[in-house]
Amino acid sequence: MAFTSSSSSVIRSSISSNSIPSPDLVAPWISSFRPLDRVGFHSTGNGHHHQRCLVKVKPISAEMKRSDSVVPLAATLDASEVADKIETEDYEKLAKELENASPLEIMDKALEKFGNDIAIAFSGAEDVVLIEYAARLTDRPFRVFSLDTGRLNPETYQFFDTVEKHYGIHIEYMFPDAVEVQALVRSKGLFSFYEDGHQECCRIRKVRPLKRALKGLRAWITGQRKDQSPGTRADVPVVQLDPSFEGIDGGIGSLVKWNPVANVEGREVWNFLRVANVPVNALHSRGYISIGCEPCTRPVLPGQHEREGRWWWEDSKAKECGLHKGNIKQEDLSVSSLFSGNGNGAMHTNGNATVSDIFSSQNLIALSRTGMENLARMKNRSEPWIVVLYAPWCRFCQAMEGSYDTLAEKLAGSGVKVGKFRADGDQKTFAEKELQLGSFPTILLFPKHSSRPIKYPSEKRDVDSLMAFVNALR
């Protein structure tokens, strides 16, 4: 656990024990700061439904107690400060109440409620904003932990050291089990993830160490944002019962997950970091936005989404390492178990729901299995094709329907054919083996004079991005 007071005279004068920062004192560097709800920058929440569940937690006082047994600038909580009263908290209701709250207000609420039983998960990237909030603006003791996978960039290790010195804290590092790492490397080599996916390596180096860390907590704080990964994080609430991991009391519902910047756009985070003069990872200035392990992270090009720099050799749907696997909806993980239909029919029934077909532009050609096989088999086509492999029930396919229909209209008469192939149900195995299907939607461009289709690599499926892809390869 770490506590720090600012070295800045402005911060020292604006923060006192158990007080709310004065808007006059902090206004020179955070223009939107308000005394009542402690706004650091504005959120952009739009309200989502969260599963209702009640959990019993023991609120812990966050009053600081000094002790010679801990490191300088750290704080601990005496056992006598633990409240005996047990509250029942409705986290669905709390998430709705805080949906439009500022990140600072959410952070302060989390630290106040859980005290020493909560910790900030720090990845060594722009989530340093969470530490800035805790250290400079809440005036509460806090803990920080990080996962050292053994494969991080040198710049990230240097950044960890910079953050510790800047805030006067000690990060609690978690390491993977050496025997498990040894077994993986000896059996599959150092870079097996390029061949069979990143999940096994991430499970050993990240997920299991995280589980150990969380088993000692009742809550944790993450830097997840909805705009980080439209495919998996679009519905992240500001607070929730963790759907994947357990806390110190064990069992489902024993761990609370706080996401204070869930509703904040990346550019707003960076505006705050610059204004507050917060130290950042040197990799950011070299084109890295989302930062993970060195072999699995690379810079992104202008216009690319930040998560495209992670596990770039895999399908866009797999851009979660397992730390936030609860973001991935079950219906997206098990396609074949949901549908037994086939072909490209207009309607499909799944339990009580009837799903209409999508991509209805008159300029679109619906391909049958035979038509898809013929297209893939041709070595010299008279014209190029762009084809989306889709499932009408998939919300990501539904989200791109408008842009793909518009693309078809723009390409009408251009010499590029626009098609769709429904690849769920009985067609899924064929699409996986012959058409590079990894998840829905998958977009393929079949060039005019090449038999091998080219897979669209981006998560950005707006009209301009799709047109740029077609124009570059037509």
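Keep in mind that what you see is a predicted model, and the values were worked out from it rather than measured.

Reading the values: rules and limits
Residues numbered from 1 in each chain as written. Predicted model: local features only at pLDDT ≥ 70, side-chain atom pairs only at ≥ 80, totals over all residues. Heavy atoms only, no water. Helix = DSSP H or I, 4+ residues; strand = E, 2+ residues; numbered from the N terminus. Buried < 20%, exposed > 50% of the residue type's maximum accessible area, 1.4 Å probe, protein only. Contact = heavy atoms within 4.5 Å. Pairing = 2+ DSSP bridges. Axes fitted to C-alpha atoms, helices over the stretch in contact; angles between N-to-C directions. 1 Å grid on protein atoms, 1.4 Å probe; cavity = no way out; pocket = protein on both sides within 12 Å on 5 of 7 lines; lining within 4 Å. Points joined across faces, edges and corners; volume = space filled by probe spheres on them. Nonpolar A, V, L, I, M, F, W, Y, C, P; charged D, E, K, R; others polar. Arc of directions from axis to C-beta. pLDDT = per-residue confidence, 0-100. Core = buried A, V, L, I, M, F, W, Y, C linked by side-chain atoms within 4.5 Å. Right-handed = clockwise from strand over helix to strand, strands pointing away.

## With respect to the overall build of the chain
Next up, step 1: For the chain, the helix and strand inventory stands at 17 helices and 15 strands.
Next up, step 2: The buried share of the chain, taken over its 474 residues, is 54%.
Next up, step 3: Restricting the contact set of the chain to residue pairs at least 6 apart, pairs at least 24 apart contribute 72%.

## Some details on the sheet that holds strand S7 (residues 239–241)
Next up, step 1: Here we have 6 strands laid out as an open sheet, ordered S5-S4-S3-S6-S8-S7, and mixed in their pairing. Because the sheet does not close on itself, it has two edges, and the strands there are strand S5 (172–174) and S7. Within the sheet, the average angular offset between the axes of one strand and its neighbour, ignoring direction, is 30°.
Next up, step 2: Sheet topology places strand S3 (residues 118–121) next to strand S6 (residues 219–221); 3 bridges connect them, and they run parallel.

## As for empty space enclosed by the protein
Next up, step 1: Tallying each qualifying case throughout the model produces 4 cavities of 30 Å³ or more.
Next up, step 2: Here the second largest cavity is characterised by a volume of approximately 110 Å³.
Next up, step 3: Counting residues per element, the lining of the second largest cavity draws most heavily on helix H9 (residues 199–214), which supplies 4 residues.
Next up, step 4: Class assignment of the residues belonging to the lining of the second largest cavity gives a composition of 7 nonpolar, 4 polar and 4 charged.

## Re helix H10 (residues 266–275)
Next up, step 1: Of the positions making up H10, those classed as buried are Gly266, Val269, Trp270, Phe272 and Leu273. Viewed end-on, H10 has its buried residues packed into an arc of 160°, placing them on one side of the element. In H10, the exposed positions angled more than 90 degrees off the buried face are occupied by Arg267 and Arg274.
Next up, step 2: As for H10, its buried residues are in contact with helix H5 (128–137).

## Re the confidence of the model for the chain
Next up, step 1: The pLDDT averaged across the chain works out to 76; a share of 71% of its residues lies at or above 70.
Next up, step 2: In the predicted structure, residues 1–86 sits below a pLDDT of 50 and forms 195 contacts with residues beyond four places in sequence or in another chain.
Next up, step 3: Contacts from residues 328–354, a stretch scored under 50 in pLDDT, to residues over four places away or in other chains number 53 contacts.

## Some words on the sheet that holds strand S12 (residues 385–390)
Next up, step 1: Pairing in this open sheet of 5 strands is mixed, and the strands run S11-S13-S12-S14-S15 from one edge to the other. Either end of the sheet is taken by a strand with one partner, and the two such strands are strand S11 (365–366) and strand S15 (454–455).
Next up, step 2: Relative to strand S14 (residues 442–446), S12 runs antiparallel, the two being bridged by 5 bridges. By the bridge assignment for S14, Leu389 is matched with Thr442.
Next up, step 3: Across the sheet, helix H15 (residues 401–411) lies against S12 and strand S13 (417–422), angled at about 165° from S12, the strand it touches most.

## Re the environment of Arg203
Next up, step 1: Relative to the helices and strands, Arg203 is located in helix H9.
Next up, step 2: Separated by 27 residues in the primary sequence, Arg203 and Pro176 have C-alpha atoms spaced 9.4 Å apart.
Next up, step 3: Filtering out sequence-adjacent residues up to four positions away, Arg203 remains in contact with Arg208 and Pro209.

## Structural notes on the nonpolar core
Grouped burial of nonpolar side chains is what soluble globular proteins tend to show.
Next up, step 1: In this structure, Ile120, Phe122, Ile131, Phe142, Ile221 and Trp258 are the most contacted members of the largest nonpolar core, which totals 49 residues.
Next up, step 2: For this core, the leading source of residues is H5, giving 8 residues.
Next up, step 3: Core analysis: the next-biggest nonpolar cluster, separate from the first, contains 41 residues, Ile386, Val388, Leu444 and Leu466 among them.

## What to know about the pairing of strand S4 (residues 144–147)
Next up, step 1: Neither face of S4 is left uncovered, since the one carrying Val144 and Ser146 and the one carrying Phe145 and Leu147 both have all their residues buried.
Next up, step 2: Of the pairings in the sheet, the one linking S3 to S4 comprises 2 bridges and is parallel in character. Paired with Ala121 across the bridge in S4 is Phe145.
Next up, step 3: Of the crossover connections in this fold, the one passing from S3 over H5 to the parallel S4 is right-handed.
Next up, step 4: Two strands pair when backbone bridges link them, and S4 and S5 are joined in this way by 3 bridges, in the parallel orientation. Within S5, the position partnered with Phe145 by the bridge is Glu172.
Next up, step 5: Between S4 and its parallel partner S5, the chain crosses via helix H6 (residues 154–167), and the hand of that crossover is right-handed.

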